[in-house]
Amino acid sequence: KNDEDFFVYHSFNWLKVAKETGGSEIVKLARDKILTWIKANHGLRFYLSNLSLLSKRAINLIYHYDFYGSTANIKDKSKIKFIIYCHYFFLKNYLENYKESSQELIEVKKIVLLYEAIHKLNTSKTINQIKNSLNEDLNSLGLHQSMSPQIHAEYINHLIEIKRILL
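Attention here is on the structure that accompanies the text. Predicted model only: the values in this text are computed from it and were never measured. Along every chain, residues carry numbers that run from 1 in the direction the sequence is written. Where local features are concerned, this predicted model is filtered to residues with pLDDT of at least 70; where side-chain atom pairs are given and counted, the filter is 80 or more; whole-chain, interface and lining totals use all residues. Think of the side-chain values as coming from all heavy atoms in the structure, minus any hydrogens and water.

### Here's the deal with the overall build of the chain
Okay, step 1: Helical segments are the DSSP runs of H or I of at least four residues, strand segments are the runs of E of at least two, and each set is numbered from the N terminus. What the chain contains, in helices and strands, is 10 helices and zero strands.
Okay, step 2: Overall, the chain shows an N-to-C arrangement of helices and strands of α-α-α-α-α-α-α-α-α-α.
Okay, step 3: Residue burial in the chain is summarised as follows: out of 167 residues, 42% are buried.
Okay, step 4: The criterion used for residue contact is that any of the two residues' heavy atoms lie within 4.5 Å. Considering only contacts within the chain whose residues lie at least 6 apart along the sequence, 66% involve residues at least 24 apart. Throughout, exposure labels follow a simple rule: accessible area from a 1.4 Å probe, protein chains only, divided by the maximum for the residue type, with under 20% read as buried, over 50% as exposed, and the rest as partly exposed.

Right, here's the structure in full:
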């Protein structure tokens, strides 16, 4: 196991490629991998281990649910929805307790907003947190405080996705 393989597997980044490949066997394989992961890894250490990993996993589970979850039985859908809820719950609580802003937090706020929008929850607090992030994360020229072109581009991408969620 190298760090990149670990991240790809546990972040569920492989779901995008599986979805693009398609086919009933790939759907079943993807769902089985997710359910196996849930059985082996559902615990606090995977929620507390790495915020970036947690964020990527949550967004992949939500964005690709139509691919792997559409043909799942009721029991498996419940397990998957519970894991997605656990990710949301942890990320929401993280935002409540972590007051400083960072490039990573805009992604967390995006995921929390997406979950709340899908489930028709009150999004006003999360939207206000995102608005406040703009003032904290961007300088007077509209560039990300890090002055890194890559981080700035990723930040803009998160803002574009947030705009899509709100539409």
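Having seen it, we continue.
### Describing unusual backbone geometry
Okay, step 1: Positive phi, close to 65°, is recorded for Phe12, a residue that is not glycine.
Okay, step 2: Examined against the element boundaries, Phe12 turns out to sit in the loop between α1 (3-11) and α2 (14-21).
Okay, step 3: In this structure Phe12 comes out as buried when scored by relative accessible area, which is 0%.
Okay, step 4: Look at Met147: it is not a glycine, yet its phi comes out positive at around 65°.
Okay, step 5: Along the chain, Met147 falls in the loop between α9 (124-137) and α10 (149-166).

### Remarks on helix α5 (residues 51-63)
Okay, step 1: Expected span, for any helix, means 1.5 Å times one less than how many residues it has. Helix length check: α5, at 13 residues, gives a terminal C-alpha distance of 18 Å against a target of 18 Å (1.5 Å per residue), a fit within 8%.
Okay, step 2: All of the buried residues in α5 are Leu51, Ser52, Leu53, Leu54, Ser55, Arg57, Ala58, Ile59, Asn60, Leu61 and Ile62.

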